[in-house]
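Tertiary structure, described
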Amino acid sequence: MSLKNKWFTYLIGPVCMFLSGMASLIYEIIWIKQLTLVFGGTIYAISAVLCAFMAGLGLGAWGITKIADLGRSEKHKPGIFLYIFLELGIGIYCLLFPFGLKLLNWSYPYVLAISGNSSFVLHLVEFFLSTGLMLPATFLMGATLPALGSWVIETQRSSIFSQVSILYGANTLGAVSGCLFAQFIGIKLLGIQAVNLIAVGLNFLVIAVCFLYIRSPGELPGSLKPNANEGRKLKEEKPSKDPLKLLEILLVLLVCFSGLVSLSSEILWTRILVFPLGSTLYSFALILAIFLLGIALGSVSATKIFGPQPGISQLLALQLGVGILCLLILPGFDFITEWTSKADELFYALDNSAGRTLWNRSLFALALMFFPTFVFGLSFPLANQVISRLFKSAGDTLGNGYAINTLGAVLGTVATPFVFIPLFGIRGSLFLIYSLLIALSLVGWGLHKNWRIQKTIMVGGVLLFSAFTWASPTVNTDIPGKRNFIRAEIDASPDQIRLLDYDEGEFATLSVLENEKTGARTLYVDGFSTATVTQSFGGSSYMQAMGFLPMVLHPNPKRALVICFGTGQTMGTVARFPGVEAHGVEIDSGVLDLAHWFSEWNKDVLNKNNVRMFVQDGRNFIQWTENQYDVITLEPMSPVQAGVNNLYSLEFYEQAANKLNPGGIMMQWLPLHLVSPQDAKWILQTFKKVFPHTQIWNSFLTRIVLLVGSKEEISLNVNQVKKVMENPELKSIADEMGLHSFLDYADMYLSDASQAEQWLGNSLALRDNRPLLEYSSTALLPPLKWQTDESFLNLLLPRVFHSTPVKGLDPSQTVPFKQALMLRTAQRVAVFSQRYQGPGAEQFAEKNYRAGLEMLRQSLQLNRNRPVALDGLKWKHLP
């Protein structure tokens with residue numbers, strides 16, 4: 001091998017594949033983000049986009065085999081120019097991709113009209129639209145590995161295994177880098193559009209590397225004369241006694257099925273790892289990066305492990321081994337609840353750090369996925385070596401091998417959430433795919449070794465029976481944490497917890513747990529506590545307030561929309577207002593199936609005549625619905641979870657504002673205990689940019705505030721409150737919330753957003769292009785209590801100087817009302833003044849609220865241009 005050939009084999013080729021893989025993974029990440037803004041974040045929409053992306057890769061790998069010979073002349077040199085053309089095409093198309101996205105966004109309403117009420121037709125059309133938009137680029141991406149590989153391997157087919165091992169490994173390592181760069185750095189600092197340009201730059205960098213290589217001295221790879229012994233060597237590898245045709249068919253089927261196993265494993269392992277790792281962007285990025293890292297390291301290690309010329313026996317043994325290994329892991333999932341509890345202890349430890357959280361989560365993912373994914377990585381180059389006998393050239397081998405494997409991955413993407421999990425559950429699905437992999441490998445081994453059918457069946461039966469005994473795939477729905485995936489609160493004793501319901505659905509793993517001591521019931525979605533209902537006062541009053549408050553503030557609400565159903569308490573509150581048509585949107589139909597467990601609190605809302613539910617993504621519904629509303633209220637998952645930024649962005653609020661009737665009211669919850677102070681500022685800043693009249697309200701819990709926004713002025717009307725108090729059903733809701741008088745209603749008000757300018761400072765508005773909430777510090781470190789208190793206090797303190805805006809109050813009652821409200825204000829701030837040794841702490845401790853409030857007011861006036869800060873020990877003013 002010439003020096004230039006060695007240079008290509010060990011440097012130029014891998015570098016090109018690395019950069020190409022990095023760019024491709026970046027495109028995949030940002031395109032999924034962008035397309036879910038059009039189609040929504042449902043499992044159907046995401047699966048359609050993923051399938052479309054991978055289908056394009058497979059078609060490209062297969063299609064290039066039909067034209068690869070066009071890349072060669074008598075001197076064999078134009079092969080590299082075919083690869084350059086592919087990278088150039090990818091870069092140019094991806095540069096223009098945003099324009100295609102705008103065209104898709106413009107045409108989508110017509111798609112909705114064509115699909116009617118058929119969700120199947122809609123998702124099918126979404127798949128074809130995604131395919132049509134991404135196909136030009138993904139087709140070319142899929143062709144790059146076969147094109148580059150065939151360029152150097154064409155006349156040296158015996159080197160397929162070693163070359164594919166290096167090139168595929170480098171390509172996958174590039175994908176790891178693309179994942180980490182996009183998810184941890186690029187989108188956070190630069191935004192999606194800028195990251196797309198960086199990926200385009202990587203394509204052009206590949207082209208530059210290729211041209212520099214071409215201009216270097218020496219002959220190009222592919223200019224060597226064919227080795228006359230290559231064909232003979234390959235023929236000698238064929239076992240003389242095998243029923244070759246049947247074995248060849250089975251090997252192709254095995255390559256396809258291994259792609260299914262790989263993608264299904266990734267989906268199923270992710271569904272498990274969200275329990276100890278959480279559902280944040282960082283967790284999903286780590287899972288994907290470690291999955292790809294295992295494959296990359298396996299691929300580059302293949303030659304060292306198997307030598308230069310492995311055969312069918314090694315491939316079959318490898319597939320058999322990975323199937324057995326993954327089945328042996330299954331019993332370990334019985335400890336997921338314990339691992340989750342341990343992860344929670346580490347996460348909430350006072351000495352924890354962001355780096356330690358990432359390290360701990362990486363270890364969880366590595367422990368589960370590394371060894372199986374390492375074997376997945378060994379399999380691809382080995383499979384290409386084995387099936388090379390079926391194709392006429394190295395290019396055909398790489399292209400068809402990649403296409404067959406990708407076809408399996410597409411099938412896995414569809415079958416896992418929509419067939420396997422609904423029918424067999426997560427454990428059962430893992431057991432099924434690995435058992436089938438073992439069975440296929442055994443059949444192949446029997447054919448290859450000329451076993452009798454009876455022997456193959458006997459060995460397979462023994463293995464599968466042993467596997468079933470060792471790793472039973474059954475799900476237990478009686479005992480929390482025993483053959484099921486649940487997360488219990490760390491402050492609750494396991495003896496107190498009862499599992500009421502459990503469902504491993506298409507979209508998420510859902511469970512309903514009851515604390516037998518307190519009677520509280522909690523809905524968990526993938527281990528996250530979405531909502532807790534209880535009979536104790538204030539326990540779930542904020543969910544009632546989410547529905548009750550905007551309906552009271554609006555003078556005459558006729559149609560209301562509730563986004564995110566949860567336990568249904570907000571929806572149930574809205575639906576009890578007379579003459580109101582209540583619409584609800586929930587992304588997961590499984591959540592609605594569990595609503596009966598909370599019927600005592602939601603008043604069996606799903607069976608009410610004035611209620612209509614839509615199973616859809618909330619952002620997608622707001623964007624495309626033709627309905628107009630008087631009230632829109634929503635309580636999504638934690639704002640820092642992956643994808644939830646879409647319900648807190650400026651673009652979403654603008655879409656929601658367009659769906660409000662004149663005088664309409666928007667309500668958004670702001671859970672201060674789940675976000676950092678900076679996150680809270682971003683959310684409020686974004687909300688008030690769209691709704692010029694924004695107020696901050698509060699129910700019983702000081703850790704949760706409610707943002708109320710409108711294009712018009714908002715005020716609490718005495719007459720509207722009287723109407724509510726005269727309605728027995730609505731009065732019962734008010735009593736449950738502790739609202740017994742007009743003063744109680746007024747006391748829920750904290751401040752106007754315009755009075756929080758000093759606290760907000762120059763905070764950015766959240767945009768779709770730069771979803772900053774996904775990068776919140778609280779995704780890696782929980783906010784401390786003093787941080788939550790600090791945010792709440794800065795939103796409360798304006799009430800020291802400003803009263804609740806009210807209408808309809810009798811002039812004779814104005815002064816007494818303001819005095820009574822000021823006493824309530826003093827009682828509220830007294831809690832924080834005493835807790836953090838603030839102004840008036842001594843007077844407040846003696847219940848001399850007027851004196852304490854006066855001292856506090858004087859202190860605030862002296863420092864009125866400075867936000868209040870708490871450091872956990874004392875109250876201070878930042879300079």
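Residues numbered from 1 in each chain as written. Predicted model: local features only at pLDDT ≥ 70, side-chain atom pairs only at ≥ 80, totals over all residues. Heavy atoms only, no water.

Quick notes on the overall build of the protein chain
Each helix and strand in the protein chain was counted, giving 29 helices and 16 strands. The globule rule puts the C-alpha radius of gyration for 879 residues at 29 Å, and the 31 Å found for the protein chain is close to it. C-alpha extents for the protein chain along the principal axes are approximately 110 × 60 × 55 Å. The buried share among the 879 residues of the protein chain stands at 60%. Surface exposure of the protein chain reaches about 35,000 Å², of which carbon and sulfur atoms provide 61%. One finds the centroid of the 67 positive side-chain charges in the protein chain at a distance of 7 Å from the centroid of its 62 negative side-chain charges. (Helix = DSSP H or I, 4+ residues; strand = E, 2+ residues; numbered from the N terminus. Rg over C-alpha atoms; globule rule 2.2 N^0.38 Å. Buried < 20%, exposed > 50% of the residue type's maximum accessible area, 1.4 Å probe, protein only. Areas by Shrake-Rupley, 256 points an atom, 1.4 Å probe, with all protein chains shown as cover. Lys, Arg positive; Asp, Glu negative; His and termini not counted. Charge placed at Lys NZ, Arg CZ, Asp CG, Glu CD.)

Focus: helix α12 (residues 354–387)
Spanning 34 residues, α12 covers 46 Å between terminal C-alpha atoms, matching the ideal 50 Å at 1.5 Å per step. Most pronounced at Met369, the bend in α12 amounts to some 50°, and the proline Pro372 follows within four residues. With respect to burial, α12 is a largely interior element, 25 of its 34 residues being buried. (Expected span 1.5 Å × (residues − 1). Bend = angle between axes of the 7 residues up to and from the residue.)

So, the packing of helix α27 (residues 811–835) against helix α29 (residues 849–862)
Their axes nearest at 9 Å, the elements α27 and α29 cross at an angle of 75°. Compared by their axis directions, α27 and α29 come out roughly perpendicular. Counted together, Met822, Leu823, Ala826, Gln827, Val829 and Ala830 of α27 and Tyr849, Leu853, Leu856 and Arg857 of α29 form the full contact between these two elements. Taken together, the residues of the contact of α27 with α29 break down into 8 nonpolar, 1 polar and 1 charged. (Axes fitted to C-alpha atoms, helices over the stretch in contact; angles between N-to-C directions. Parallel < 35°, antiparallel > 145°, perpendicular 65-115°, else oblique. Contact = heavy atoms within 4.5 Å. Nonpolar A, V, L, I, M, F, W, Y, C, P; charged D, E, K, R; others polar.)

Quick look at the environment of Val615
Position of Val615 among the secondary structure elements: in strand β7 (residues 611–615). Considering only alpha carbons, one finds Val615 and Lys33, 582 residues apart in sequence, at a separation of 20 Å. Those residues within four positions of Val615 in sequence are excluded, and the remaining contacts are Glu586, Ile587, Ser589 and Leu592.

Comments concerning helix α6 (residues 192–215)
The α-helix winds at 3.6 residues per turn, so residues separated by three or four positions along the chain end up facing the same way. Along its 24 residues, α6 runs 35 Å from first to last C-alpha, staying within 8% of the 34 Å computed at 1.5 Å per residue. The set of residues buried in α6 consists of Ile192, Val195, Asn196, Ala199, Val200, Leu202, Asn203, Val206, Ile207, Val209, Cys210 and Tyr213.

Thoughts on the side chain of Ser649
Secondary-structure assignment places Ser649 in the loop between β8 (629–634) and α20 (650–658). Take Ser649: its relative accessible area is 0%, and that puts it in the buried class. Excluding its chain neighbours within four sequence positions, the residues that come into contact with Ser649 are Arg619, Thr686, Leu766, Arg767 and Asp768.

Some details on the state of the cysteines
Applying the stated rule across the entire model yields 0 disulfides. With no disulfide partner, Cys16 has as its closest neighbouring cysteine sulfur the one in Cys210, 3.8 Å distant. Judged by its relative accessible area of 1%, Cys16 is buried. Owing to a relative accessible area of 1%, Cys210 belongs among the buried residues under this scheme. (Disulfide = S-S within 2.5 Å.)

Topic: the packing of α20 against helix α21 (residues 677–690)
Look at α20 against α21: their axes get within 9 Å of each other, and the N-to-C directions meet at 35°. As for how α20 packs across α21, the hand of that crossing is right-handed. Counting all contacts with α20, which are made through Leu650, Tyr653, Glu654 and Ala657, the residues of α21 involved are Ile683, Thr686, Phe687, Lys689 and Val690. Of the residues contributing to the contact of α20 with α21, the split by class is 6 nonpolar, 1 polar and 2 charged. (Left-handed = near helix turned anticlockwise from the far one by under 90°.)

Topic: the sheet that holds strand β1 (residues 497–504)
Spatial ordering of the open sheet is given by β1-β2-β3-β4, a layout of 4 strands whose pairing is antiparallel. Each of the sheet's edge strands pairs with one partner strand only, and the pair in question is β1 and β4 (528–533). Averaged over all adjacent pairs, the angle separating strand axes in this sheet is 20°, with direction ignored. Relative to β4, strand β3 (residues 521–525) runs antiparallel, the two sharing 5 bridges. Of the residues in β4, the one forming a bridge with Thr522 is Thr532. (Pairing = 2+ DSSP bridges.)

Notes on the sheet that holds strand β9 (residues 660–671)
Pairing is mixed in the open sheet, where 8 strands are placed in the order β7-β6-β5-β8-β9-β11-β10-β13. Two strands bound the open sheet, and with one partner strand each, they are β7 and β13 (749–752). Averaged over all pairs of adjacent strands, the angle between their axes in this sheet comes to 20°, without regard to strand direction. By the bridge criterion, 6 bridges tie strand β10 (residues 693–698) to strand β11 (residues 704–710) in an arrangement that is antiparallel. Within the sheet, the bridge partner assigned to Gln695 lies in β11 and is Val708. Its contacts with the sheet put α20 on β5 (559–563), β8 and β9, and the angle it makes with β9 is roughly 145°.

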